[in-house]
Structures are given as C-alpha cells and as structure tokens.
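Here's the letter readout for the chains.
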Amino acid sequence: MGQLQWGTPEALRALLCELVSWESRTLTEGEITFPYKVQEKLGKLDFFKKNPANLSLHEVDLGRHFVNAFYKHPEVKETIVLISHFDTVQTEEYGDLEILAFQPEQLTKKLHERKDDLPEEARIDLESGKYLFGRGTMDMKMGLALHMSLIEKASLEKWPINLLLVTVPDEEVNSAGMRAAVKELVALRDKHGLSYKMFFNSEPSFSQKPGDERHYIYSGTMGKIMPAALFYGKETHVGEPLKGMTANYMASFLTQLMEWNPSFLERDLSEETPLPVSLQQKDLKLQYSTQTPYRAAALYNVFIMKRSAADIMDIFEKVAGEAAIKCNESYKALCQRERMEGVGEVQVLRYEKLLSYAVGKFGAELVEQIKRGVQANTDWDEREKSMRIVEKLMIQCQELAPAIVLLFAPPYYPAVNTSSDPLIIESIKLLKETAKSFKEEVSQVHYFNGLCDLSYVQYKDDSDGWTSFEKNTPVWGDSYSIPFDDMLQLQAPVLNVGPFGKDAHQRTERLHMDSAFIQTPFMLERLIKSMVEVPDGEMKEAP
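Since the structure is predicted, the reported quantities are computational estimates derived from the model, not experimental observations.

Rules and cut-offs
Residues numbered from 1 in each chain as written. Predicted model: local features only at pLDDT ≥ 70, side-chain atom pairs only at ≥ 80, totals over all residues. Heavy atoms only, no water. Helix = DSSP H or I, 4+ residues; strand = E, 2+ residues; numbered from the N terminus. Rg over C-alpha atoms; globule rule 2.2 N^0.38 Å. Buried < 20%, exposed > 50% of the residue type's maximum accessible area, 1.4 Å probe, protein only. Contact = heavy atoms within 4.5 Å. Areas by Shrake-Rupley, 256 points an atom, 1.4 Å probe, with all protein chains shown as cover. Lys, Arg positive; Asp, Glu negative; His and termini not counted. Charge placed at Lys NZ, Arg CZ, Asp CG, Glu CD. Disulfide = S-S within 2.5 Å. Phe/Tyr/Trp six-rings, centres within 6.5 Å; stacked < 30°, edge-to-face > 60°. Core = buried A, V, L, I, M, F, W, Y, C linked by side-chain atoms within 4.5 Å. Axes fitted to C-alpha atoms, helices over the stretch in contact; angles between N-to-C directions. Parallel < 35°, antiparallel > 145°, perpendicular 65-115°, else oblique. Left-handed = near helix turned anticlockwise from the far one by under 90°.

Enquirer: What's the story with the overall build of the protein in this structure? I'm lost.
Expert: For the protein, the count of helices and strands is 16 helices and 21 strands. For the protein, the C-alpha radius of gyration of 26 Å lies close to 24 Å, the compact-globule estimate for 543 residues. If one aligns the C-alpha atoms of the protein with their principal axes, the spans along those axes are about 90 × 55 × 45 Å. Expressed as a percentage of its 543 residues, the buried residues of the protein come to 57%. Considering only contacts in the protein between residues 6 or more positions apart, those separated by 24 or more positions represent 78%. Split by element, the accessible area of the protein, about 23,000 Å² in all, is 48% carbon and sulfur. If the 62 positive side-chain charges of the protein are averaged to one point and the 81 negative ones to another, these points end up 1 Å apart.

Enquirer: Just to check I follow, could you spell out the state of the cysteines for this structure?
Expert: Each disulfide is one covalent bond, formed between the sulfur atoms of two cysteines. Under the criterion given, the structure shown has 0 disulfides. No disulfide involves Cys335; its nearest neighbouring cysteine sulfur is the one of Cys327, lying 10 Å away. Residue classification places Cys335 among the buried positions, given a relative accessible area of 7%.

Enquirer: Explain the side chain of His73 to me, please; I cannot follow it from the model alone.
Expert: By the element assignment, His73 lies in the loop between β2 (65-71) and β3 (78-85). The contacts of His73, once residues within four sequence positions are left out, are Lys158, Trp159, Pro160, Ile161 and Asn162.

Enquirer: Help me understand the packing of aromatic side chains, please; the structure alone is not making it clear to me.
Expert: For any pair of aromatic rings, the description rests on two quantities: the centre-to-centre distance and the angle between the ring planes. Per the stated rule, a full pass over the model turns up 20 aromatic pairs. Judged by centre distance (5.3 Å) and plane angle (70 degrees), the ring pair of Phe47 and Tyr71 falls under edge-to-face. With Phe47 in helix α3 (residues 46-50) and Tyr71 in strand β2, this pair connects stretches of sequence that are 24 residues apart. Comparing Phe47 with Tyr71, the two get one shared label, buried. Taking the centre distance of 4.7 Å and the plane angle of 80 degrees together, the rings of Tyr218 and Phe448 count as edge-to-face. Here the residue Tyr218 occupies a position in strand β7 (residues 215-218), and Phe448 occupies one in the loop between β18 (442-445) and α14 (467-471), the gap between them amounting to 230 residues. Overall, the relative accessible area of 0% leaves Tyr218 in the buried class.

Enquirer: What am I meant to see in the nonpolar core here?
Expert: Side chains that are nonpolar tend, in soluble globular proteins, to be buried together. Counting 103 residues, the largest nonpolar core has Leu185, Tyr196, Phe199, Phe231 and Leu254 as its most contacted members. The biggest single contributor to this core is helix α9 (residues 309-338), with 12 residues. Each residue touching Leu254, except ones within four places of it in the same chain, is listed here: Ala229, Phe231, Tyr300, Phe316, Val319, Ala320, Ala323 and Ile404. Grouped together as the second largest cluster of nonpolar side chains are 71 residues, Phe133, Leu150, Met198 and Leu527 included.

Enquirer: Can you walk me through the packing of helix α10 (residues 351-362) against helix α12 (residues 382-396) in this structure?
Expert: Geometry of a packed helix pair, given as the angle between the helix axes and the separation of the axes. Here α10 crosses α12 at 45 degrees, and the two axes come no closer than 10 Å. Classed by the angle they form, the pair α10 and α12 counts as oblique. In this structure, the crossing between α10 and α12 has a hand that is left-handed. Contact with α10, carried on its side by Tyr351, Leu354, Leu355, Ala358, Lys361 and Phe362, involves Ile389, Val390, Leu393, Met394 and Gln396 of α12 and no other residues of that element.

Here is the structure:
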C-alpha cells in the first residue's frame, strides 16, 4: 500500500492552503486555471497514474471547466458522488489586506496586528487560535480538500465502493458548472452501468443565527428563484411631468409589497424560508438627461421548499396585481387633484403574454432578432439581458403601457429534501454518534440555508411546474437553461456534511481547524465505510 499524501491534519491544512492560494474568484482567470491545477494535483495519485482516463476536465462555458475524478472499484456499481465548487466571491472588502485574502496562514497572522478592527466575535475567535481566516477557507475549498483526501484513501485501501469527485466553477453566480456536470453524471452512469447511492456535498456548516456555535449537517437544500419585473411607463420632459408616468413611481408600489411579504413564506419539517427581499431596483436609462425614466427593473429573491416555479409566479402575479391597484388608485387621485386626463391605468402581464403579443404583431423572426441583439452584448449578464429583452419588446409594443411585465431572471435553484430516506436517516444517526466521540454535538437541518449545487440532483416535479420558468425566462435556451430532464434521472438521496466555519462571503470568513482537519475527515470516512463491507481492523477509533 502506498503512502497517504493527505492523511494527517497537518497535510490537510497544507492542501487547503495550497487550494486557497490558487485564487479562483468567479469570472476571473483564476477560475479558468484552477481545474487544471486540481487535475495535475490528483494526477500524482497512484490510482490516476494507472487510470488516467478516470481523471478528466469537461467544458462549461467562457473557458471554464469542471473536474471529474473517478475512483472505480472493478467489481462494484454503487457510487457516491462527491460534489464541491471551487469558485469564490470577490475580495474587495479586505481593503489593504486583499493581497493576503488567499494566503490563510499569513492573513491570520497579520490580523493579530489588526484585531481591534475586527467585530468582537471574530476577534475572540482569532485570539482563540482555533480558526484559519481567508477567502475560500470555509466556502468551500475545505470541502474539496476533504473529497480529495477521501479519493486518495479509498484508492489506496481499495474501498469496495466507487467515489466520483465532481468539482465545478460558477456556483456563486449561476451554477453553470453544476448544470453542465449533470449531463456528464447521466452519461457516466450509463457508460459504466453505475448505481448512484448518494449525492454528497461538503459545503460548510452555516450558523442559524449570530453567535450560533452548533455544527449542522443537512439532508436537503433550500431552493431559490428570482421573480423580476420590468416597469414601462410613459416618457416626458421634467418640465412637463404630468404628461408622463415614471417607471420608478410604478416600481415603488411593487417593491413595498414584495419586501418581507409573508405570502412567500414556506414551512416544512419545522423550518421556514427567509422572507423575500429586493436584490436590485434601478431605472434603465443609460445616461443622464431631463427625460423622465420610463423603464425600470427590479429583482426579488424568493426562497422555496415545496413550491414550484408555477406556484411562485401565481403568487407574484397576485402581489403585482395588488401593487397595480394601489398605483392606479394613487395616480387617479393625482389626476383628479391636478385636473388632468392621465396616461392610463397600469396593467400587469407575464412575459409569456408579452412575447406572444410581440410575435403576433411583428412575427417570430423580428422577435428573435431582438433577442440576438441583446445576447450579443457581452457586458451584460443573464439578469441584465433578461430585462433588456423585455425592454426592447415593450419599446415595440408601447400600446401595452403603462405596464408591469413579470418574468423570471436566473439563477433558479430547485429545493431538494431527502430527510425521510432510510439511508439518510441511518447516516445522520451514525454521524451524531461519531461526533460524540469528540465530545461534540451535531444537529440536523432539513434545508441547507446557504444554497448549493445539490439543487440540480434528485429533482422531482410531478406537476410540470418548471415549465412556467421556461416560458417566463427571456434568456431561456440562449444563455441560460437547466437540464430538468437529466436531473429527473438522478434520484439518489442527498446529504451535506462539511466543516464548521463562520462569516462566508465576509472579510472575516474563517474555518474551525479542529472541525476541518480532525473531526470532519473522521466522520466522512466512517460514514462512507458504513455503507460498504470494510474489515473491522480498518475502522479506527476517533483520534
């Protein structure tokens, strides 16, 4: 048997710091080069030297790739898929320490000189010596390091189960990496006749509230969907304001009703979704002028558990209808006060209705030409393109104004939950027992509250509720799509077990070292070995 490279806490720590140092902020050159470095690193393992075809890169988009590392036992079909992402959010919030954001050892040491600048909880954690600071330490380079160490150990000890490591880009923005990986998971299953036993992620344990120190494991993940609106009013000169209606005026009514609206609240298994909030609201003027803003856009974040896209659109349409009534009542009172006729009542329509109207008026070719023109703008992301497509269509259909056009903007994360699956129930029981050997307690959460790529496996929708998303997403099929049909074929249970950390996406992001380098590795190894026949002598006690 060969020697383990990552079999000690010290080696795991060094691996993590190396992975973090390969900065991979979303949509940067580092995100493009990162998978090649992972491939080279894993390629040094004896198993992949002998089986180079089992270690591969697969194209996503924009020069980005995901990595597949497949430890395959020759006599086994059952396979656990180890899912992680390697992109991170940006680092501007580190200020003059940004140069150290991807150097955990140096950053942690340097912060001791700045500890009075830290929030109290972060300062206490720093002084405890139990945490390692840095971008990606928690979210989620440590998860990838854990999976790499599992692949190494399984291949050396010849565990009688297959492990498929899948690490992807773009989780922090659109999950393009995981959406691309789904098709490969189906293809690999069919090629080798595999049976997927579990989809396993190691996103970190997120606190449920400030000061929460408990370690959580997750048997599902919340979904997220982004209902959006394009407000199209009537332009005028600021010197004649009563001859028009600003889109900002219209938008204010809907945003007031959408913020923290309990109509979108869901409860399941004694847990509940956060309330919706606006993520963006702006007018669409490209430059300053004394013409009033007559086009505006708003994005709203909605978390989901059981509801489909169709359910959310129905609720959104109802709320928008209430907003339009309030807007029209207020505007009518204004017209009466100023003794003017006004520009008409605001109506609400879905994007699919606007699209049908535009095709009927101008033909499908002109509509497609408008879409292609918007898609050609490489400076716009999928959200901006969604709004601009609706804007361009409304410019051609101004007789529908004033109007609020309802749509969906990417990304869409379906909710997943497998808490009732027998394998998950047994796995969580084992993990809780194992944690006690460290005098630690772990708690189960049914829905991961940080969003993750598990949303794209184990998908179920008997009502075809996802078709509402397709019909009302302007960029669908061009720059954004979700492989729903392939997702329906990936029906193994999901589980998320990762290290404990704090403050993901903040300058105080940090990882609990004992959890990361001692406790979680032991828990994961014991969990996987519990699913297969491993000789008793190979099962060690907790370190």
